[in-house]
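Understanding the architecture of this molecule
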Amino acid sequence: MKVALAALVGFLLGLLLFAIGREIWWAFAARPVGEVVSKALAAVGSLGWIDTTLITGIAAIGAAYLSVRAVHAQIKQAEQIETERNAAKRAANRAVLPISLAALSQYAEANTSLLKGLLESCVEQLLPKTIRIPHFAQIPSGVVAALKEMVEYLGDTERKAFIHLLVAIQVQSSRLAALAEEHGRGQLTLATNLESYIIGQAEIYARAASLYNFGRGAADEIPLGLKRSEIGSALFLIGIRDSLKDELVERFNLASDAIWPPVSELAA
């Protein structure tokens, strides 16, 4: 704003000097030097050299300046309205977030129960071809859209937790869909594959659980990472207990506070 004001003042001074120079040029071109000097001295007292053109030009510049200020004020007001609208949308998405997170928790529990049943049916670390793959739970309706809207109204750092959750949902959903197709074609289904899918469901559950406090308004900060120990705790909550839980915790190092990698880095 200061730069614009300085530019305006400079322009007005330039215009003033131009008008004075123009009058002097015209005066010397039309009359003898003596007459010009005489009339100039007489005009200084009354400022007669300020003509209608100069006054009109200054008035036009002043009007333009006021117009620019009005435009800036309108832009600022529009930005304020947009900021308030985004804040309201963010608050609304945050208010319904716990509903989406609860639906994801139930989704992970249901799929884990089915995967556990398949794992218990394995013989010598292989799932018999005669075992039929059940229909796994589908991603809860509206959850992905709700998480997507939440991402749109968060900062770059905040949205990472939601992006990781969406990635986990997408990858695990694809894996479960491929499991039924591959097993139906006669491909071998290893017990270790089923165990990794269970870990994937535990990740979805843990990532959803880590966002509950933010959704409920109990905390304004969103966790930047998911600890391996949170995956281990999630196993118990989704129904993996006793020796199987201990085995998975040890195999995948789920008792440490190290950050859990993105689901795409988890070896099947």
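Look up a bit, the structure's there.
Each chain has its residues counted from 1, running along the sequence as written. For this predicted model, a pLDDT threshold of at least 70 governs which residues receive local features, and a threshold of 80 or more governs which side-chain atom pairs are given and counted, while totals over whole chains, interfaces and linings are taken from all residues. The side-chain figures draw on all heavy atoms in the structure; neither hydrogens nor water molecules are used.

**Remarks on the packing of helix H5 (residues 159–184) against helix H6 (residues 191–210)**
- H6 packs onto H5 with a crossing angle of 150° between their chain directions and a minimal axis gap of 10 Å. Considered as vectors, H5 and H6 are oriented roughly antiparallel to each other. The crossing of H5 and H6 is left-handed. Where H5 approaches H6, its residues His164, Leu165, Ala168, Ile169, Gln172, Arg175, Leu176 and Leu179 are matched on the opposing element by Leu194, Tyr197, Gly200, Gln201, Glu203, Ile204, Arg207 and Ala208.
- Gly is put with the polar residues, along with every residue not named as nonpolar or charged; the nonpolar set is Ala, Val, Leu, Ile, Met, Phe, Trp, Tyr, Cys and Pro, and the charged set is Asp, Glu, Lys and Arg. Broken down by class, the residue content of the contact of H5 with H6 amounts to nine nonpolar, four polar and three charged. To get an axis, a line is fitted to the C-alpha atoms, and for a helix only the part in contact is used. The angle between two axes follows their N-to-C directions and goes from 0 to 180 degrees. Each helix is a run of DSSP H or I of at least 4 residues and each strand a run of E of at least 2, with the numbering of both proceeding from the N terminus. Roughly parallel here means an angle under 35 degrees, roughly antiparallel means over 145, roughly perpendicular means 65 to 115, and every remaining angle is called oblique. Should the near helix be turned anticlockwise from the far one by less than a right angle, the crossing is termed left-handed; should it be turned clockwise, right-handed. Every residue pair with non-hydrogen atoms within 4.5 Å of one another is taken to be in contact.

**Overview of the packing of aromatic side chains**
- For Phe, Tyr and Trp, rings pair up if their centres lie within 6.5 Å, where Trp contributes its six-membered ring, and each pair is then called stacked (planes under 30 degrees apart), edge-to-face (over 60) or tilted (otherwise). Scanning the entire structure with this criterion turns up one aromatic pair.
- Where Phe162 meets Phe214, the ring centres are 6.4 Å apart and the plane angle is 70°; that geometry is what we call edge-to-face. On the criterion of sequence distance, the pair formed by Phe162 in helix H5 and Phe214 in helix H7 (residues 212–215) is long-range, its members being 52 residues apart.
- Geometry around Phe214 places Arg94 over its ring, the cationic atom sitting 4.2 Å from the centre.
- In this analysis the charged atom, NZ for Lys or CZ for Arg, is taken to sit over a ring once it is within 6 Å of the ring centre and within 35 degrees of the ring normal. The lysine or arginine in question, Arg241, covers the ring of Phe236, its NZ or CZ lying 4.4 Å from the ring centre.

**Things to note about the nonpolar core**
- Counting 50 residues, the largest nonpolar core has Phe162 and Leu235 as the members making the most contacts within it.
- When residues in this core are grouped by element, the largest group, ten residues, is from H6.
- Setting aside residues no more than four positions away along its own chain, Phe162 makes contact with Leu97, Leu147, Met150, Val151, Leu154, Leu211, Phe214 and Ile222. Side-chain atoms within 4.5 Å are what join buried Ala, Val, Leu, Ile, Met, Phe, Trp, Tyr and Cys residues into a set we call a nonpolar core. Only protein chains enter the area calculation, which uses a 1.4 Å probe; residues under 20% of their type maximum are buried, those over 50% are exposed, and those in between are partly exposed.

**Overview of empty space enclosed by the protein**
- A 1.4 Å probe that fits but cannot get out identifies a cavity on a 1 Å grid over protein atoms alone, an open set with protein on both sides within 12 Å along at least five of seven lines counts as a pocket, and a residue lines either if it has an atom within 4 Å of a point. Grid points are joined across faces, edges and corners, and a volume is the space filled by probe spheres set on the points. For the structure shown, the criterion picks out one cavity of 30 Å³ or more.
- Counted as a void, the largest cavity has a volume near 70 Å³.
- Looking at the largest cavity, the residues that line it are Ala161, His164, Arg207, Ser210, Pro223, Leu224, Gly225 and Leu226.
- When contributions to the lining of the largest cavity are tallied by element, the ones reaching two or more residues are H5 and H6.
- Class assignment for the residues of the lining of the largest cavity results in four nonpolar, three polar and one charged.

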